[in-house]
Protein chains: 2
Amino acid sequence: MAHKYSLTDDQVPRHWYNIAADLPSMPPPPLHPGTGQPLGPDDLAPLFPMALIGQEVSAERMIPIPDPVRDVLAMWRPTPLYRADKLEAALGTDCRIFYKYEGVSPAGSHKPNTAIPQAWYNQQEGVTRIATETGAGQWGSALSFAGAQFGLEIKVYQVRASYDAKPYRRAMIETWGGEVVASPSPDTNAGRAILETDPGCPGSLGIAISEAVEDAATRDDTKYALGSVLNHVLMHQTVIGQEAQEQLRALDAYPDVVVGCVGGGSNFAGIAFPFLADKIAGRDIRVVAAEPAACPTLTRGHYGYDFGDTAQLTPLLPMHTLGHGFIPAPIHSGGLRYHGAAPLVSHLLNLGLIEAVAYPQRECFAEAVRFARTEGIIPAPEPTHAIRAVIAEVERAKEEGVVKTILFNLCGHGNFDLTAYDAYFAGTMEDIELPEAELDEAAKALEGMPAIA
Amino acid sequence: MAHKYSLTDDQVPRHWYNIAADLPSMPPPPLHPGTGQPLGPDDLAPLFPMALIGQEVSAERMIPIPDPVRDVLAMWRPTPLYRADKLEAALGTDCRIFYKYEGVSPAGSHKPNTAIPQAWYNQQEGVTRIATETGAGQWGSALSFAGAQFGLEIKVYQVRASYDAKPYRRAMIETWGGEVVASPSPDTNAGRAILETDPGCPGSLGIAISEAVEDAATRDDTKYALGSVLNHVLMHQTVIGQEAQEQLRALDAYPDVVVGCVGGGSNFAGIAFPFLADKIAGRDIRVVAAEPAACPTLTRGHYGYDFGDTAQLTPLLPMHTLGHGFIPAPIHSGGLRYHGAAPLVSHLLNLGLIEAVAYPQRECFAEAVRFARTEGIIPAPEPTHAIRAVIAEVERAKEEGVVKTILFNLCGHGNFDLTAYDAYFAGTMEDIELPEAELDEAAKALEGMPAIA
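Quantities reported herein were computed from a predicted structural model and do not represent experimental measurements.

## Re the overall build of chain A
Per the secondary structure count, chain A includes 19 helices and 15 strands. Taking 2.2 N^0.38 as the reference for a compact globule, 453 residues should give roughly 22 Å; the C-alpha atoms of chain A span a radius of gyration of 20 Å, in line with that estimate. Dimensions of chain A along its principal axes, counting C-alpha atoms only, are 60 × 50 × 50 Å. When each of the 453 residues of chain A is scored for burial, the buried share is 64%. Considering only intrachain contacts with a sequence separation of at least 6, the fraction spanning at least 24 residues in chain A is 77%.

## Topic: the packing of helix α9 (residues 189-197) of chain B against helix α10 (residues 205-217) of chain B
Residues and elements named next belong to chain B. Close contact between α9 and α10 brings their axes to 8 Å; oriented N to C, the two are set at 140°. Our classification of the angle between α9 and α10 gives oblique. On α10, the residues that touch Asn189, Ala190, Gly191 and Ile194 of α9 are Ile207, Ser210, Glu211 and Glu214. The residue makeup of the contact of α9 with α10, split by class, is three nonpolar, three polar and two charged.

## Some words on the nonpolar core
With 107 residues, the main nonpolar core has Ile116(A), Phe273(A), Leu276(A), Leu407(A), Val259(B) and Phe408(B) as its most contacted residues. The element contributing the most residues to this core is helix α13 (residues 266-280) of chain A, with eight residues. In contact with Phe273(A), other than residues within four places in its own chain, are Tyr17(A), Ile19(A), Leu234(A), Thr238(A), Phe268(A), Leu344(A), Val345(A) and Leu348(A). Tyr359(A), Phe365(A), Leu52(B) and Ala146(B) belong to the second largest nonpolar core, which has 106 residues in total.

## Overview of the interface of chain B and chain A
Listed as interface residues are 45 residues of chain B and, on the opposing side, 45 residues of chain A. Buried surface at the junction of chain B and chain A, both sides included, amounts to about 3,900 Å², of which 52% is carbon and sulfur. On the chain B side of the contact with chain A, Met75(B), Tyr168(B) and Thr175(B) bury the most area, a combined 18% of that side's loss. The interface formed by chain B and chain A includes four salt bridges. Across the pair Asp9(B) and Lys4(A) runs a salt bridge whose closest N-O atoms are separated by 3.2 Å. Counting across the interface, chain B meets chain A through 28 residue pairs in polar contact (both at pLDDT 80 or more).

## Points about the sheet that holds strand β6 (residues 129-134) of chain A
Across a sheet, strands are paired by hydrogen bonds formed along the backbone, either parallel or antiparallel in direction. All names here are of chain A. Pairing within the open sheet is parallel, and its four strands lie in the order β8-β7-β6-β9. Only two strands of the sheet have a single partner each, and these edge strands are β8 (179-183) and β9 (222-224). Neighbour to neighbour, the strand axes of the sheet diverge by 25° on average, direction disregarded. Its contacts with the sheet put helix α6 (residues 138-150) on β6 and β7 (153-159), and the angle it makes with β6 is roughly 160°.

## Some thoughts on the sheet that holds strand β6 (residues 129-134) of chain B
Residues and elements named next belong to chain B. Read from one edge to the other, the open sheet built from four strands follows the order β8-β7-β6-β9, with strand pairing classed as parallel. Edge strands, defined here as strands with exactly one partner in the open sheet, are β8 (179-183) and β9 (222-224). Strand-to-strand twist of the sheet, defined as the mean angle between neighbouring strand axes without regard to direction, takes the value 25°. Running at roughly 160° to β6, helix α6 (residues 138-150) makes contact with β6 and β7 (153-159) of the sheet. The strands touched by helix α8 (residues 167-175) within the sheet are β7 and β8, with β7 carrying the most contacts at an inclination of about 170°.

## Considering the packing of aromatic side chains
Going through the model one piece at a time under the given rule, you end up with 27 aromatic pairs over all chains. Each member of the aromatic cluster is reached from another via a ring pair, and the members are Tyr82(A), Tyr99(A), Phe371(A) and Phe408(A). Here the guanidinium or amino end of Lys86(B) rests over the ring plane of Phe150(A), the centre of that ring lying 5.6 Å away. Here Arg170(B) stacks its cationic end above the ring of Tyr163(B), 5.5 Å away from the centre of that ring.

## So, the environment of Tyr168(A)
Assignment of secondary structure puts Tyr168(A) in helix α8 (residues 167-175). Since its relative accessible area comes to 14%, Tyr168(A) is described here as buried. Considered as a pair, Tyr168(A) and Gly137(A) are 31 residues apart in the sequence and their alpha carbons are 9.1 Å apart. If we ignore the near neighbours within four places in the chain, the residues touching Tyr168(A) are Phe416(A), Asn415(B), Phe416(B), Asp417(B), Leu418(B) and Thr419(B).

## Remarks on the relation of the copies chain B and chain A
Of the two same-sequence chains, chain B is brought onto chain A (RMSD 0.0 Å, axial shift 0.0 Å) by a rotation of 180°. Look at the turn and shift together and you get a two-fold axis relating the two. A shared interface surface links the copies, since 100% of the contact residues of chain B are contact residues in chain A too.

## A look at the domain arrangement of chain A
One widely used convention gives an interface's size as the accessible area the parts lose upon coming together. Residue and element names in this part refer to chain A. On domain assignment, one finds that chain A holds domain 1 (4-8 + 77-108 + 237-445) and domain 2 (45-65 + 111-231). Measuring from the centre of the C-alpha atoms in domain 1 to the corresponding centre in domain 2 gives 23 Å. Together domain 1 and domain 2 conceal approximately 2,200 Å² of surface at their shared face, both sides included; 64% is due to carbon and sulfur atoms. At the boundary of domain 1 and domain 2, one finds one salt bridge. In this structure, Lys166 and Asp417 form a salt bridge, with 2.7 Å as the shortest nitrogen-oxygen distance.

## Comments concerning helix α18 (residues 418-426) of chain B
All buried positions along α18(B) are accounted for by Leu418(B), Ala420(B), Tyr421(B), Asp422(B) and Ala423(B). Contacts from the buried residues of α18(B) go to α8 of chain A together with α16 (361-375) and α17 (381-400) of chain B. Trailing α18(B) by a residue or two, Gly427(B) shows a phi angle of about 80°, which is positive.

## Concerning the pairing of β6(A)
Residue and element names in this part refer to chain A. β6 sits mainly inside the fold: six of its six residues count as buried. Because side chains alternate across β6, one face comprises the buried residues Arg129, Ala131 and Glu133, and the other comprises Ile130, Thr132 and Thr134, equally buried. This β-α-β element, β6 to α6 to β7, shows right-handed connectivity. With three bridges connecting them, β6 and β9 associate as parallel partners.

## Points about the pattern of salt bridges
All names here are of chain B. Under the defined criterion, the tally for this structure stands at 48 salt bridges over all chains. Between Arg160 and Asp164 there is a salt bridge, with its nearest N and O atoms 3.4 Å apart. Note that Arg160 and Asp164 are positioned in helix α7 (residues 160-165) at a spacing of four residues, about one turn of the helix. Exposure remark for Asp164: the relative accessible area of 48% places this residue in the partly exposed category.

## Things to note about α6(A)
All names here are of chain A. Between its first and last C-alpha atoms α6 spans 19 Å; for 13 residues at 1.5 Å apiece the expected length is 18 Å, and the two agree. Along α6, twelve of the 13 residues are buried, which leaves the element largely enclosed by surrounding structure. For α6, the set of buried residues is Gln138, Trp139, Gly140, Ser141, Ala142, Leu143, Ser144, Phe145, Ala146, Gly147, Gln149 and Phe150. Of the residues one or two after α6, Gly151 is the one with positive phi, at around 70°.

## A few points about the confidence of the model for chain A
Averaged over all residues, the pLDDT of chain A equals 95, while 100% of them reach at least 70. This prediction of the complex comes with two scores: 0.96 for pTM and 0.95 for ipTM.

## Some points on the side chain of Gln242(B)
Mapped onto the elements, Gln242(B) comes out in helix α12 (residues 239-250). The contact partners of Gln242(B), leaving out residues within four places of it in the chain, are Pro13(B), His15(B), Trp16(B), Tyr17(B), Met62(B) and Pro274(B).

Conventions used here
Residues numbered from 1 in each chain as written. Chains lettered and ligands numbered in written order. Predicted model: local features only at pLDDT ≥ 70, side-chain atom pairs only at ≥ 80, totals over all residues. Heavy atoms only, no water. Helix = DSSP H or I, 4+ residues; strand = E, 2+ residues; numbered from the N terminus. Rg over C-alpha atoms; globule rule 2.2 N^0.38 Å. Buried < 20%, exposed > 50% of the residue type's maximum accessible area, 1.4 Å probe, protein only. Contact = heavy atoms within 4.5 Å. Axes fitted to C-alpha atoms, helices over the stretch in contact; angles between N-to-C directions. Parallel < 35°, antiparallel > 145°, perpendicular 65-115°, else oblique. Nonpolar A, V, L, I, M, F, W, Y, C, P; charged D, E, K, R; others polar. Core = buried A, V, L, I, M, F, W, Y, C linked by side-chain atoms within 4.5 Å. Buried area = accessible area lost by both parts, 1.4 Å probe. Salt bridge = Lys/Arg side-chain N within 4 Å of Asp/Glu carboxyl O. Polar contact = N/O pair within 3.5 Å; in protein donor to acceptor, adjacent residues only side chain to side chain. Pairing = 2+ DSSP bridges. Phe/Tyr/Trp six-rings, centres within 6.5 Å; stacked < 30°, edge-to-face > 60°. Lys NZ or Arg CZ within 6 Å of the ring centre and 35° of its normal. Least-squares fit on C-alpha atoms with pLDDT ≥ 70 in both. Domains from an automatic or database assignment. Right-handed = clockwise from strand over helix to strand, strands pointing away. Expected span 1.5 Å × (residues − 1). pLDDT = per-residue confidence, 0-100.

This is the structure we're talking about:
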């Protein structure tokens with residue numbers, strides 16, 4: 001029987017954990033795309049409120065969560081920790097598998113953990129409107145929910161392919177009061193330019209980011225919000241790992257391995273960073289990032305400075321990247337289809353503090369179905385990669401003749417992605433490995449970028 | 001800020017509350033459709049395991065929840081109780097509004113509360129397969145989830161209109177391992193007979209029940225399961241109201257009014273019956289059942305014996321009913337489209353222990369949108385009726401110049417029903433009041449039925 005371990009309502013964490021304070025070295029700084037110089041707060045001010053810019057560069061180890069933010073997080077937090085007893089039994093393993101479940105949030109994923117503070121800090125600084133992009137729809141709906149909580153207008157540029165294929169996510173955004181348009185849209189210069197040459201363009205996350213950034217940069221009442229990649233976004237997710245530590249402490253348990261899936265890196269950071277603090281302090285623990293074989297930024301990407309978007313409007317970030325022009329294959333894990341990985345996550349990989357693995361989607365869904373039929377929760381496509389990696393750890397423990405405690409982040413439910421399960425059962429789901437030639441193509445996109453010192 | 005009040009994991013109720021033990025009089029007995037005589041346990045044995053037949057007629061006040069059942073319920077129970085602070089603020093009322101949220105279950109509604117015990121009792125008596133029907137898909141998915149937990153095969157006859165319109169619910173059933181066919185189906189005599197004369201028949205809940213009952217009655221390995229209406233099903237839902245009582249006790253609060261929406265009556269019973277125990281014992285409290293104007297069984301139906309299904313295969317139940325031949329208009333609240341109301345709920349209305357109100361759907365969705373934008377949770381179409389009734393109570397309190405404490409059951413989330421919100425925003429949602437002529441038609445269907453003594 002899957003066992004749930006809950007905390008009490010007053011055990012919502014009171015601080016975010018800032019891993020920058022504990023790192024043996026810092027990642028290279030983001031650069032201004034025009035000057036090639038390290039970015040200053042003023043460069044970011046048109047896009048973000050000062051409080052978030054401050055968090056982006058903070059060296060404070062623990063940053064207090066403001067009470068109004070914590071009050072909203074407490075609507076669904078602390079989230080449950082589960083012991084996967086039934087999955088363990090189905091696997092015939094003595095390993096102990098725990099998972100943190102973020103699907104209990106109103107938007108169904110971990111995304112509101114950062115949408116809420118981002119909306120609040122904007123509101124505090126007089127911002128009345130936020131523009132953002134969304135691919136799979138998770139982030140757009142989370143920010144729309146957050147906007148409603150603090151009385152902000154939200155404008156979401158949703159990748160057209162997703163806008164057309166996922167009408168439920170669009171309806172969710174609108175129900176919370178957000179405005180959503182298919183991207184490329186006629187609402188921005190970036191969008192209009194693309195529509196003129198390619199009226200049927202299905203869009204991409206890179207294009208949608210360009211539109212949202214332009215929207216924010218050209219309107220006084222509007223800022224921009226990003227759902228992953230940036231330091232402050234990853235930090236907002238650390239409530240997940242902090243709660244997991246508290247829950248495991250009550251069980252007198254500690255993980256040998258911590259697993260999360262990586263797109264931009266935020267849910268991975270959320271579960272992993274608090275445990276990495278212990279690893280940096282000397283604890284013997286492995287931390288594994290699981291990504292899709294179709295978009296293998298950490299396992300096969302190049303490390304270097306790259307743009308966060310297609311139109312080259314964002315700062316240059318030091319990332320493991322497949323190139324800002326890379327369009328990932330249309331796998332079902334929309335949230336993992338991003339060309340780069342967060343600078344902090346990329347840096348941790350370089351430091352050897354985390355490992356990365358990549359899996360094609362069919363074996364991930366095979367494990368997700370087993371998970372649903374034992375544990376009872378139908379996973380979103382993204383965390384199926386984490387589940388696949390957990391199974392690999394169980395197999396490895398068996399080979400090594402050891403018993404391990406494994407923790408992973410089930411970052412969202414699959415209610416909006418059941419067509420993916422349909423495709424899996426129908427046998428029409430394809431395994432896509434990124435061809436070597438495309439990798440070479442991606443490398444070319446990085447030529448001429450500033451070198452990392 | 002919406003405030004959540006959680007119980008601890010060990011506070012999942014240990015008993016179901018059986019309201020039959022407290023009623024001043026019992027509802028008339030179900031009758032055998034052939035003989036017109038009260039039904040005996042042997043009549044039900046082909047369809048239900050003996051343990052559930054025992055619960056159906058039990059006079060015990062508190063019935064212990066078996067540990068293996070309670071263990072699975074504990075996956076998502078106790079569910080949170082929320083204080084609707086933000087909704088109250090938006091309404092400008094001093095009334096206190098609380099709601100119990102059942103959308104945190106894996107299937108997204110209250111239905112697993114009874115699916116789990118039903119599956120377990122069947123498994124204990126050697127049953128290996130259960131047949132059932134589903135309209136909106138809530139019940140079919142809940143039973144499929146429950147079947148996976150206890151290793152039972154599940155066969156779901158899903159109303160064709162719903163099967164075609166709600167592919168996500170079908171995919172959910174299959175992901176948990178259940179088999180699902182569109183009803184009318186070629187798999188039963190009842191289905192084949194209808195398909196022969198009407199190959200494009202969109203189906204109805206009454207037809208799907210006929211198919212599932214036939215399936216169970218004609219196979220030794222198979223029993224039938226119903227998601228509402230019957231006494232034992234309503235009783236399994238009383239964990240909701242018991243938890244709410246515990247949660248309100250900790251807040252030193254008690255409701256003046258308890259509200260739930262009614263289709264068959266199970267989520268209403270779940271929240272209301274434990275409070276009705278107090279009312280029967282003399283406590284001054286009102287209990288309100290909210291139903292759709294398009295299917296107004298309690299407010300406009302006739303009270304009498306009627307079949308539970310279209311093909312007249314089920315026992316005769318004493319219900320407020322619109323007639324077993326009644327096909328409700330295609331409102332978005334699929335779960336409220338049933339021609340009758342549970343015998344216990346019907347009886348409570350006759351006793352004056354509960355009140356009933358009916359609302360057309362547009363004003364329900366208007367309130368649901370306000371709820372989503374304040375409280376953050378997007379309601380399923382069914383509980384939008386409960387929310388509408390709560391707003392009426394707030395208005396009434398204002399007129400009376402009093403301050404009330406109101407409790408309602410938010411029995412599920414709207415993740416699978418966002419097309420309904422789309423229709424609401426697009427202005428294409430229709431208000432449907434049952435025409436008087438159809439009511440007369442329904443009355444005719446009851447002619448010749450046994451009289452209630």
